[in-house]
Amino acid sequence: MRAARLTSPKRFEFVDVDLPSPQEGEVLVKMERVSICGSDLRVYDRVLPEERYPGDAGRPCHECAGIVEESRSDAFRPGQRVIVFPSSSGGLVEYIAEPASRLVALPDGGDLSTWLMCQPMGTVMYACQRIGSVLGQRVAVLGQGAIGLSFTNLLSRLGASQVIVTDLLDYRLDMAKQLGATHTVNASREDVATAIAEITSGQGADVVIEACGRAETTNQIWEVLRSEGLVILFG
């Protein structure tokens, strides 16, 4: 079967590898959709030590969805659509064999590209459970990529009194408003700390979520958080 692997910064090559054979309790899945995570980019576009090239077949990629081709587990049947959490290789392969415990069943209907987003959104849901109640609290979400937008949507539904979001791109901020943000701050044009201080009447945010993994936003946390507030370093 065909697979992709990273051979140098920003360069993939296609290679032929053996088709995996599922063992007892495993499921063979034909990959149909994959998504790019920010952590993948940190492998893809950085200059890594020479001995790390070429990379393993299928990597970097861990957000995957596909269709069961063969099952040696009672938990899944051929033709079933699933989310896959790959461990044996990355997702940039035609087929992958994983233990049934590494799969999550999907409904038969609906766009598989949309269902694929259950994987990253699931991590945000878990983080929100760890945060606890935000009812009536002021929340700031720094960064409105896919993860930040997911936080904005869920936190607004969980009853935060203010959901203040920041990003460099207006179209992301516009989407955030549609998903429940009460205030938006374009960090390319506004001073984030000043803007959030004005929005919160100088009190700062009760909860600050860093959702893009950059030094700039990590440093901004301490400028917008109230005393004894809660920080989530998600990005």
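Located above this text is the structure these notes cover.
Described below are features of the structure shown in this document. (Residues numbered from 1 in each chain as written. Predicted model: local features only at pLDDT ≥ 70, side-chain atom pairs only at ≥ 80, totals over all residues. Heavy atoms only, no water.)

## Considerations on the packing of aromatic side chains
Under the defined criterion, the tally for this structure stands at two aromatic pairs. Their ring planes at 15° and their centres at 5.8 Å tell us that F12 and Y44 sit as a pair that is stacked. Highlighted residues: F12 in strand β2 (residues 11-16) and Y44 in helix α1 (residues 38-44), separated in sequence by 32 residues. Among the residues examined, F12 registers a relative accessible area of 36% and is labelled partly exposed. Taking the centre distance of 5.1 Å and the plane angle of 85° together, the rings of F151 and F234 count as edge-to-face. (Phe/Tyr/Trp six-rings, centres within 6.5 Å; stacked < 30°, edge-to-face > 60°. Helix = DSSP H or I, 4+ residues; strand = E, 2+ residues; numbered from the N terminus. Buried < 20%, exposed > 50% of the residue type's maximum accessible area, 1.4 Å probe, protein only.)

## Some words on the sheet that holds strand β11 (residues 205-210)
The five strands lie next to each other as β10-β9-β8-β11-β12, forming an open sheet whose pairing is parallel. The open sheet terminates on both sides in strands that have one partner only, identified here as β10 (183-186) and β12 (225-233). The mean angle between the axes of side-by-side strands here comes to 20°, regardless of whether they run parallel or antiparallel. Its contacts with the sheet place helix α6 (residues 192-199) against β8 (138-142), β9 (162-167) and β10, and it is angled at close to 165° to β9. (Pairing = 2+ DSSP bridges. Axes fitted to C-alpha atoms, helices over the stretch in contact; angles between N-to-C directions. Contact = heavy atoms within 4.5 Å.)

## Thoughts on the environment of V29
With respect to the secondary-structure elements, V29 resides in strand β3 (residues 26-35). Separated by 53 residues in sequence, V29 and V82 place their C-alpha atoms 8.2 Å apart. Beyond its immediate stretch of four places on either side in the chain, V29 contacts G66, I67, V68, E69, V82, V84, E94, Y95, I96 and L103.

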